[in-house]
Amino acid sequence: MSTTRNSGVIIGRIGLYAFLITAAAFFMIPLVIVFLTSLKDGVEARTGSIFDLPQSPDLDSYVIAWTSACIGRDCNGISGRFWNSITLTVLASGLSLLFASLNGFALAMWNLRRANLILAMLLIGAFVPYQVMIYPLVRMFAIGGFHQTLAAIVTVHVLFGLPILTLIFRNFYVGLPPELIKAARVDGAGFFQTWRLIILPLSLNIFIVAGILSVTGVWNDYLLGLIFAGANWQPMTVSVASLAATNATGVPDHAVNMSATLLTALPPLLLYLFSGKYFVRGVTAGAVKG
Amino acid sequence: MTISHRTRPRLRPRTVAQLVLLPTILLTVIGYHGSILWTIVLSFTPSRMLPVYRWTGFDMYERLLNTERWQVAYQNLFIFGGLYIGFCLLFGLVLAILLDQGVKGRSILQTIFLYPIALSFVVTGLAWKWLLNPTTGLQDFVRSLGWENFTLDLLSSPDRAIYTLVIAGVWHSAGLTMVILFAGLQSIDHEIWRASRVDGIPRWRMYLHVVIPMLWPVVVTCLVLLSMNVVRSYELIVVLTGGGPGFSTDVPAKFIIDHYFARQSVCLASAAETLRLLTVAAILAISALSRRGGEAAT
Amino acid sequence: MTRVRIENLVRSYGTVQVLKDVSLDITPGEFLVLLGPSGCGKSTLLSAIAGLDEVQSGRIHFDDRDVTALEPNEREIGMVFQSYALYPTMTARANMAFALRVSGATKAQMEERVTWAANLLQITHLLDRKPGQLSGGQRQRVAIGRALVRQARLFLFDEPLSNLDAKLRNEMRAEIKSLHERLGATFIFVTHDQIEAMTLATRVAVMSGGIIQQIGTPEDIYRRPATRFVADFVGSPAMSFLDATLADQTLDIGPARIDLSAYAFAKPPAPGPVTFGIRPERVSVHPEVTLGTHPARLTAREPMGADTLLWLDLHGQRLSARVPPEIGPALQDTVHIGFDPAGISLFDPKSGLRL
Ligand SMILES: Nc1ncnc2c1ncn2[C@@H]1O[C@H](COP(=O)(O)OP(=O)(O)O)[C@@H](O)[C@H]1O
Ligand SMILES: [Mg+2]
């Protein structure tokens, strides 16, 4: 009896691993072929199969993508856009996190009379498809005279990120003992002192979690960048999409395109690989209870 | 020695807390609530590129509902949404349950299943477009293996291009669903497994009749999350199919953005946006009800 | 030393009144204990005194200063919380110095005050540890130290001992009492534990349902409870209550007649039904009939070590008696009980007020 049971178990295990490995292949293949293509040269990428290994793998396509690929009529590569994205992400995420933490602290720990109402208002912001605010904001910015400026795109990102980030911080702070704030008040610390000296040192983990959500959100955005950033602050996602669409020579160089794609994907991918369980908490934090 | 108090009058901390919230309240009221209201108002006007405030009643809605492109886009919301959500949940649940069987290399596998969520839909779209490219992509690869007549030209077929969106979407989000469901599985009391062994109940029956029903609230969470992805979906379509061939893979978000900007038909876009918001409201209402229903059942 | 005067304080959450018109006058240097069951509004009252909570109406005066509208830190108080509320990322030293730091004191001032408080509480060797590295009792000391550093003249304690185990609790109780004597400051101490109240207080204020039922010395509270609630809440084992009928100078519990000529009535009594209260130690139990005793049935014996508690049935009503342990075993089912006239309390059965 034990042998039949054992062999059943073994077959089950084999099936289990076979399925898991197939699934892993499904998830890996797109990334692998993008990577393989990026190591080829233009001709090889155009003519060979995507699954062929590169004959002489090199990073030439990356260099071209970085320094001289054409986006529209601008042939300086995507390096400028990379720095645009970095600037946008640092500014937008930094401001969002700062405000979200202060807001969450104010909402969670000060027994404000309308706290629940404000929370409900923010919740609407977390659920409404963000495209609804695009046209009204374009009009407002145009009237205010700063449409398609750095200020405009950063404002939009902050506005877009604030509701969910505030909720994340608020839910974390609600779990802290309220007596901490009472003690600080007896000790004479004001709102900002309490936040900076007592709350902030306790918030490192939640800053990482919310930061991951915010950074990947801003970095990966396409539509807001397309509409609000203008030519000067065009983010990498927008340029890589148009790099693939337009091509100066008429003949698409897939190797360069895939290099640029991979470069665009790299920062969030590295963040993912190195932040481990924080990343999972970050991307699921938006989901929890909502 | 006594502690001297600052003589400078200070705001009370609670007042400061209220002041701190003020900018956010203003921003959300203007940015979200104001935008929603304005959009609704504009949907009753004949605005083209710029807002015009003249009441036209439900004319725009009538025009919208008679627009074939909108009909396709709205239908696609449900075809794409249904398949995307269904496969994400199914795939995510299967993977979560399999990973729960004490497999070796679980954390590596989990890393592999989840990484697409770190990528933007733009990158997702570009990678899949490359993979499905008929001349050098999968089709070519399979033909080179000997199946000369193999066709996988999904992208240029109006009927089937939508499935490329589903595949790429599931590839992007199944890992997230898996992680959320896996956390749900892990949070289930381990005593029930011991009890099931005492009672001699097979594992698969436990999953079917006990565990999956217990996961219901987590499933609802996933449903809401995935639904929001569907309603918002824009980049993936723009990059992978461009809404084409024709407008066979159009979705409301793309319809709306195109009409706001490229086609300068603000009134029609606003009407479409209003209908989309109503759809979101309906999804949220249903999920709230089903969550309550689930709670009542347990 | 601060005199605290509270006048007609009202605090409600929504429609629920948690403090109903509370007035209290606390003399300088007093150790006042607020005693009451949990949920009766003690913490709310303490928070109001500290300025942590707004009140709907009423005034609070410290000496001659109306502090009702002042922030907590402007009231010159020190406060110790039930959960200690130590700042988890700061060392004990930084915790204690925090108030001085935010008020802009110099390093030397901080060092001096922290050293003084640490010496007083014998925690000098713990100053560089963080709260997570301290035991419960040590955290308690640091929390007290933090309150001391501000050199307040009024100290507030919200159930500070309830998170400690029994032995440490006794130790800290004695320590807080000696601290009060050494500092000479006014202490207001909240607890639901009557032993703490009895041992620490110069005066006890018993609260229930947002109302101060009685305020007096521990002995007063115990001997002459002002309401049936106080009589019931204070004292363990609890006072027994029996339905009785008051005639001129006597009291009838069924056929048993009790002489009341020694009872000090609060106001001239009116004949009619009353509640008769007697503490267990004021009931004497005899095996044989003696003068002024009443026959009762013995229903249960509960040895408690130092004493034995006897449960008795007097004409269908239950009461308990606390007797030396050697008496218990010798008793038959029928005993004869007597009541010490000085231990009797009478209450109006409707209002619960002492007669
Ligand atoms: N923030 C609040 N909101 C509503 N009710 C409260 C709040 N804080 C306290 N209460 C209520 O006030 C009553 C008194 O609370 P408290 O003063 O904490 O009692 P305790 O005597 O145990 O310290 C309780 O019934 C409690 O439910
Ligand atoms: Mg309390």
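Every value quoted in this text rests on a predicted model; they were computed, and no experiment measured them. (Residues numbered from 1 in each chain as written. Chains lettered and ligands numbered in written order. Predicted model: local features only at pLDDT ≥ 70, side-chain atom pairs only at ≥ 80, totals over all residues. Heavy atoms only, no water.)

Enquirer: Talk me through the overall build of chain A; I want residue IDs and the actual numbers.
Expert: Secondary structure summary: chain A contains 14 helices and 0 strands in total. In chain A, the succession of α and β elements from N to C terminus is α-α-α-α-α-α-α-α-α-α-α-α-α-α. For 290 residues, the compact-globule formula gives about 19 Å, and the C-alpha radius of gyration of chain A, at 24 Å, lies well above that figure. A principal-axis box enclosing the C-alpha atoms of chain A has dimensions of 80 × 75 × 30 Å. Expressed as a percentage of the 290 residues in chain A, the buried residues total 55%. Considering only residue pairs separated by 6 or more positions, chain A has 71% of its internal contacts joining residues 24 or more positions apart. Working note: accessible area of chain A is about 12,000 Å², and carbon and sulfur atoms make up 68% of it. (Helix = DSSP H or I, 4+ residues; strand = E, 2+ residues; numbered from the N terminus. Rg over C-alpha atoms; globule rule 2.2 N^0.38 Å. Buried < 20%, exposed > 50% of the residue type's maximum accessible area, 1.4 Å probe, protein only. Contact = heavy atoms within 4.5 Å. Areas by Shrake-Rupley, 256 points an atom, 1.4 Å probe, with all protein chains shown as cover.)

Enquirer: How would you explain the interface of chain B and chain A if you had to name every residue and give the values?
Expert: Listed by partner, the interface residues are 87 residues for chain B and 82 residues for chain A. Both faces combined, the contact of chain B with chain A buries some 7,600 Å², and carbon together with sulfur accounts for 77% of it. For chain B, the biggest contributors to the area lost against chain A are Tyr32(B), Trp130(B) and Arg232(B); these three give 11% of the whole. Here chain B and chain A share 0 salt bridges between them. The interface formed by chain B and chain A contains 18 residue pairs in polar contact (both at pLDDT 80 or more). With 21 residues, the top contributor of residues to the side of chain B that touches chain A is helix 1 (residues 13–42) of chain B. (Buried area = accessible area lost by both parts, 1.4 Å probe. Salt bridge = Lys/Arg side-chain N within 4 Å of Asp/Glu carboxyl O. Polar contact = N/O pair within 3.5 Å; in protein donor to acceptor, adjacent residues only side chain to side chain.)

Enquirer: How would you explain the domain arrangement of chain A if you had to name every residue and give the values?
Expert: Residue and element names in this part refer to chain A. By domain assignment, chain A separates into domain 1 (2–67) and domain 2 (80–287). Distance from the C-alpha centre of domain 1 to the C-alpha centre of domain 2: 33 Å. Taken together, the 15 residues of domain 1 in the interface contact 14 residues of domain 2. It is Val 34, Tyr 62 and Trp 66 that lose the most area in domain 1 upon contact with domain 2, and together they represent 39% of the buried surface on that side. Here domain 1 and domain 2 share 0 salt bridges between them. Linking domain 1 with domain 2 are 0 residue pairs in polar contact (both at pLDDT 80 or more), by the criterion used here. Among the secondary structure elements, those contributing two or more residues to the side of domain 1 that touches domain 2 are helix 1 (2–39), helix 2 (42–47) and helix 3 (60–67). (Domains from an automatic or database assignment.)

Enquirer: Now, about the packing of helix 4 (residues 79–109) of chain A against helix 9 (residues 191–199) of chain A: what can you tell me, with residues and values included?
Expert: Residues and elements named next belong to chain A. Where helix 4 contacts helix 9, the two axes come as close as 11 Å, and the packing angle between them is 105 degrees. By the criterion of interaxial angle, the relationship of helix 4 to helix 9 is roughly perpendicular. The residues of helix 9 that touch helix 4, namely those facing Leu 98, Ser 101, Leu 102, Phe 105, Ala 106 and Met 109, are Phe 191, Phe 192, Thr 194, Trp 195 and Ile 199. When grouped by side-chain class, the residues that make up the contact of helix 4 with helix 9 number 9 nonpolar, 2 polar and no charged. (Axes fitted to C-alpha atoms, helices over the stretch in contact; angles between N-to-C directions. Parallel < 35°, antiparallel > 145°, perpendicular 65-115°, else oblique. Nonpolar A, V, L, I, M, F, W, Y, C, P; charged D, E, K, R; others polar.)

Enquirer: Give a description of the sheet that holds strand 18 (residues 317–323) of chain C that names residues and reports values.
Expert: Residue and element names in this part refer to chain C. With antiparallel pairing, the 5 strands of this open sheet are ordered in space as 15-19-16-17-18. Since the sheet does not close on itself, it has two edges, and those belong to strand 15 (283–286) and strand 18, each with one partner. Across the sheet, the mean angle from the axis of one strand to that of its neighbour is 45 degrees, orientation sign disregarded. With 6 bridges connecting them, strand 16 (residues 294–303) and strand 17 (residues 308–314) associate as antiparallel partners. Within strand 17, the position partnered with Leu 298 by the bridge is Leu 312. (Pairing = 2+ DSSP bridges.)

Enquirer: Account for the site of ligand 1, with residues named and values stated.
Expert: Residues and elements named next belong to chain C. As a structural note, the neighbourhood of ligand 1 is formed by Tyr 13, Val 18, Pro 37, Ser 38, Gly 39, Cys 40, Gly 41, Lys 42, Ser 43 and Thr 44. At 3.4 Å, a side-chain N or O of Tyr 13 approaches a nitrogen atom of ligand 1. In this structure, an oxygen atom belonging to ligand 1 sits 3.1 Å away from a main-chain N or O atom of Gly 41. Within the complex, the protein chains bury 55% of what would otherwise be the 560 Å² of accessible surface of ligand 1. Among the elements that take part in the shell around ligand 1, helix 1 (residues 42–50) stands out by supplying 3 residues, more than any other. Of the residues belonging to the shell around ligand 1, the class tally is 4 nonpolar, 5 polar and 1 charged. (Near = heavy atom within 4 Å.)

Enquirer: Can you tell me about the interface of chain A and chain C, naming the residues and giving the values?
Expert: Each side of the interface is counted separately: chain A has 16 residues, and chain C has 25 residues. Between chain A and chain C, a total of about 1,800 Å² is buried, with carbon and sulfur atoms accounting for 61% of that surface. Of all residues in chain A, Arg185(A), Val186(A) and Asp187(A) give up the largest surface area on contact with chain C, accounting jointly for 38% of the area buried on that side. Our count for the chain A to chain C interface comes out at 2 salt bridges. Among the salt bridges present, the one from Glu54(C) reaches Arg113(A), with a minimum N-O distance of 3.7 Å. For the pair chain A and chain C, the number of links is 7 residue pairs in polar contact (both at pLDDT 80 or more). When contributions to the side of chain A that touches chain C are tallied by element, the ones reaching two or more residues are helix 8 (179–186) and helix 9 of chain A.

Enquirer: Tell me about the state of the cysteines, and name the residues and values.
Expert: For the structure on display, the rule yields 0 disulfides over all chains. Looking at Cys88(B), it has no disulfide partner, and the nearest cysteine sulfur is the one in Cys222(B), 9.2 Å off. (Disulfide = S-S within 2.5 Å.)

Enquirer: Summarise unusual backbone geometry; cite the residues concerned and give the values.
Expert: Residue and element names in this part refer to chain C. Omega for the bond connecting Ser 236 with Pro 237 falls within 30 degrees of zero, at 0 degrees, which places this linkage in the cis form. We note that Asp 63 has phi near 50 degrees; this positive angle belongs to a residue other than glycine. On the basis of relative accessible area, Asp 63 is assigned to the partly exposed category, the value being 25%. Backbone geometry at Tyr 84 places phi at a positive 70 degrees, although glycine is not the residue there.

Enquirer: An account of the pattern of salt bridges is needed here, citing residue identities and associated values.
Expert: Per the counting criterion, the structure on display carries 25 salt bridges over all chains. Between Arg59(C) and Asp66(C) there is a salt bridge, and its shortest N-O distance comes to 2.9 Å. With its nearest N and O atoms 4.0 Å apart, the salt bridge here joins Glu76(C) to Arg65(C). With Glu76(C) in the loop between strand 5 (65–66) and strand 6 (77–80) and Arg65(C) in strand 5, this pair connects stretches of sequence that are 11 residues apart. Given the relative accessible area of 36%, Arg65(C) is considered partly exposed. Salt bridges sharing partners connect three or more residues here, namely Arg69(B), Asp250(B), Lys254(B) and Asp258(B).

Enquirer: Give me the lowdown on the sheet that holds strand 5 of chain C, citing residues and values where you can.
Expert: All names here are of chain C. One open sheet accounts for 4 strands, arranged 2-1-4-5; its pairing is antiparallel. In this open sheet, the two strands that pair with only one neighbour each are strand 2 (16–26) and strand 5. Sheet topology places strand 4 (residues 57–62) next to strand 5; 2 bridges connect them, and they run antiparallel. The residue of strand 5 that forms the bridge with His 61 is Asp 66.

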